[in-house]
Amino acid sequence: MNIILLGAPGAGKGTQAQFLVESLGMVQLSTGDMLREAKDSGTEMGKLVADVMSRGDLVTDEIVIGLIKEKLDGEQGAGFIFDGFPRTLAQADALGALLKECNRDLDRVIEIQVDDTALIKRIVGRSTCGGCGQVYHDETKPWPLNGQCSICGSTDVKRRADDNEESLKQRLMEYYKKTSPLLGYYFAKGNLISINGLLSMDCLLYTSDAADDTPCVDLGGRRI
Ligand code: AMP
């Protein structure tokens, strides 16, 4: 099963992807994570994209399509979760072609809907634990008073350079201008499911299909 998680910054794509990885053994392909890794390790490509990312602009299609192609060539796994890719129509076309080349299908595109005011609140104030990746929020889930992560005890508080109000506005603008047309694109292809990202995590249940034990995702009663 190969799926795309589509949604504005802060919609919860990464969090949902993590659940799918843990429960179904799927492989998460997050172009944002790949680009941050390249930036942190100081590769040529990382240096090239650092400014673009901190402004909240999209990096070029060529770069991200290259990253995804590399991963698809090398990974087997139970299926892919595309998280933060594609973000433009050109990327969507390229993904279709890449999947065809390796005889894979795109099973579903899941749009996670969250209204803009909630998105901004979620992102500004967000931090993660450098030790285990646990997500915290200054208002809704502050770090424990002793400064240690409640899961792993690390004191390494990480904040994304682009999780500030100015970059976020630009990221939202990029989403509406370049990524939201993908909703129509995948609707027309018959792949799209939209879910309410403001509901509790229980709206996404990851189960095994009782009939034949095939892993599947249950989206509020709709199995995929
Ligand atoms: P994310 O972690 O998905 O929010 O991505 C962080 C940043 O990485 C974005 O604001 C873009 O600058 C860049 N980025 C990630 N994925 C893509 C993509 N598919 N196309 C273009 N830029 C991307």
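As the structure is a prediction and not an experimental result, all values here were calculated from the model. (Residues numbered from 1 in each chain as written. Predicted model: local features only at pLDDT ≥ 70, side-chain atom pairs only at ≥ 80, totals over all residues. Heavy atoms only, no water.)

Engineer: Explain the nonpolar core here, please?
Structural biologist: Generally speaking, soluble globular proteins have nonpolar side chains that are buried together. If you look at the biggest cluster of nonpolar residues, it comprises 48 residues, and the most contacted ones within it are Ile 68, Leu 72 and Phe 82. If we skip the residues at most four places from it in the chain, Leu 72 touches Leu 29, Phe 80, Phe 82, Leu 95, Leu 98 and Leu 99. (Core = buried A, V, L, I, M, F, W, Y, C linked by side-chain atoms within 4.5 Å. Buried < 20%, exposed > 50% of the residue type's maximum accessible area, 1.4 Å probe, protein only. Contact = heavy atoms within 4.5 Å.)

Engineer: When you look at unusual backbone geometry in this model, what are you seeing that I'm missing?
Structural biologist: Comment: phi is negative for the bulk of residues other than glycine, and the bulk of peptide bonds are trans. The amide bond that connects Phe 85 to the next residue, Pro 86, takes the cis arrangement and shows omega of -5 degrees. By the element assignment, Pro 86 lies in the loop between strand 3 (80–83) and helix 5 (89–101). Phi at Asn 103 is positive, roughly 55 degrees, even though this residue is not glycine. Locating Asn 103 in the fold gives a position in the loop between helix 5 and strand 4 (108–113). (Helix = DSSP H or I, 4+ residues; strand = E, 2+ residues; numbered from the N terminus.)

Engineer: Explain the pattern of salt bridges to me, please; I cannot follow it from the model alone.
Structural biologist: Any two side chains of opposite charge can pair if their charged atoms end up close together. Overall, the coordinates contain 11 salt bridges when judged by the stated rule. Between Asp 163 and Arg 171 there is a salt bridge; the shortest N-O distance is 3.1 Å. Exposure remark for Arg 171: the relative accessible area of 10% places this residue in the buried category. Here Lys 178 and Glu 174 are joined by a salt bridge, their closest N and O atoms 3.1 Å apart. Taken together, the residues Lys 178 and Glu 174, both in helix 7 (residues 165–179) and four residues apart, mark about one turn of the helix. Relative accessible area serves as the criterion here: at 35%, Lys 178 is assigned to the partly exposed category. Exposure remark for Glu 174: the relative accessible area of 4% places this residue in the buried category. Here the salt bridges share partners, and the residues they tie into one network are Arg 126, Arg 160, Asp 162, Asp 163 and Arg 171. (Salt bridge = Lys/Arg side-chain N within 4 Å of Asp/Glu carboxyl O.)

Engineer: Just to check I follow, could you spell out the pairing of strand 2 (residues 27–30) for this structure?
Structural biologist: Two faces belong to every sheet, and in a regular strand the side chains alternate between them. Burial of the side chains of strand 2 extends over both faces: Val 27 and Leu 29 are buried on one face and Gln 28 and Ser 30 on the other. With four bridges joining them, strand 2 and strand 3 adopt parallel strand pairing. Opposite Val 27, over in strand 3, you have Phe 80 as the bridge partner. (Pairing = 2+ DSSP bridges.)

Engineer: Just to check I follow, could you spell out the site of the ligand for this structure?
Structural biologist: Taken together, 16 residues sit near the ligand, with Thr 31, Arg 36, Asp 57, Arg 87 and Gln 91 positioned nearest. In this structure, a nitrogen atom belonging to the ligand sits 3.0 Å away from a side-chain N or O atom of Gln 91. Expressed as a share of its isolated accessible area of 480 Å², the protein-covered part of the ligand is 96%. At four residues, the largest contribution of residues to the shell around the ligand is made by helix 2 (residues 31–40). (Near = heavy atom within 4 Å. Polar contact = N/O pair within 3.5 Å; in protein donor to acceptor, adjacent residues only side chain to side chain. Areas by Shrake-Rupley, 256 points an atom, 1.4 Å probe, with all protein chains shown as cover.)

Engineer: Just to check I follow, could you spell out helix 6 (residues 116–123) for this structure?
Structural biologist: One turn of the α-helix equals 3.6 residues, which is why residues spaced by three or four share an orientation. Within helix 6 the residues assigned to the buried category are Ala 118, Leu 119 and Ile 123. The arc that holds every buried residue of helix 6, seen down its axis, measures 125 degrees, which confines them to one face. Turned more than 90 degrees away from the buried face of helix 6, the exposed residues are Thr 117 and Lys 121. The residue sitting at the N-terminus of helix 6 and contributing the capping side-chain oxygen is Asp 115; that oxygen lies 3.1 Å from the backbone nitrogen of Thr 117. (Arc of directions from axis to C-beta.)

Engineer: It is not clear to me how the packing of helix 5 against helix 8 (residues 181–189) should be interpreted in this structure. Could you clarify?
Structural biologist: In helix packing, the relevant descriptors are the interaxial angle and the interaxial distance, both defined with respect to the helix axes. Between helix 5 and helix 8, whose axes approach to 10 Å, the crossing angle comes to 35 degrees. For the pair formed by helix 5 and helix 8, the contact residues are Leu 89, Ala 92 and Asp 93 on the first element and Pro 181, Leu 182, Tyr 185 and Tyr 186 on the second. Looking at the contact of helix 5 with helix 8, its residues break down into six nonpolar, no polar and one charged. (Axes fitted to C-alpha atoms, helices over the stretch in contact; angles between N-to-C directions. Nonpolar A, V, L, I, M, F, W, Y, C, P; charged D, E, K, R; others polar.)

Engineer: How should the sheet that holds strand 6 (residues 135–137) be read in this particular structure?
Structural biologist: As a general point, the strands of a sheet are linked pairwise by backbone hydrogen bonds and lie either parallel or antiparallel. Read across the open sheet, the three strands follow the order 6-5-7; overall the sheet is antiparallel. The sheet is open, and its two borders are formed by strand 6 and strand 7 (157–158), each paired with just one other strand. Pairing of strand 5 (residues 126–129) with strand 6, which is carried by three bridges, proceeds in the antiparallel orientation. Across the sheet, the residue bridging to Ser 127 is Tyr 136, located in strand 6.

Engineer: Got a minute to help me understand helix 7 in this structure?
Structural biologist: Look at helix 7: 20 Å from first C-alpha to last across 15 residues, which is about the 21 Å you get at 1.5 Å a residue. Of all the positions in helix 7, only Ser 167, Leu 168, Arg 171, Leu 172, Glu 174, Tyr 175 and Thr 179 are classed as buried. All buried residues of helix 7 fall inside an arc of 160 degrees around its axis, so they share one side. When the buried face of helix 7 is taken as reference, the exposed residues oriented beyond 90 degrees from it are Glu 166, Lys 169 and Lys 177. (Expected span 1.5 Å × (residues − 1).)

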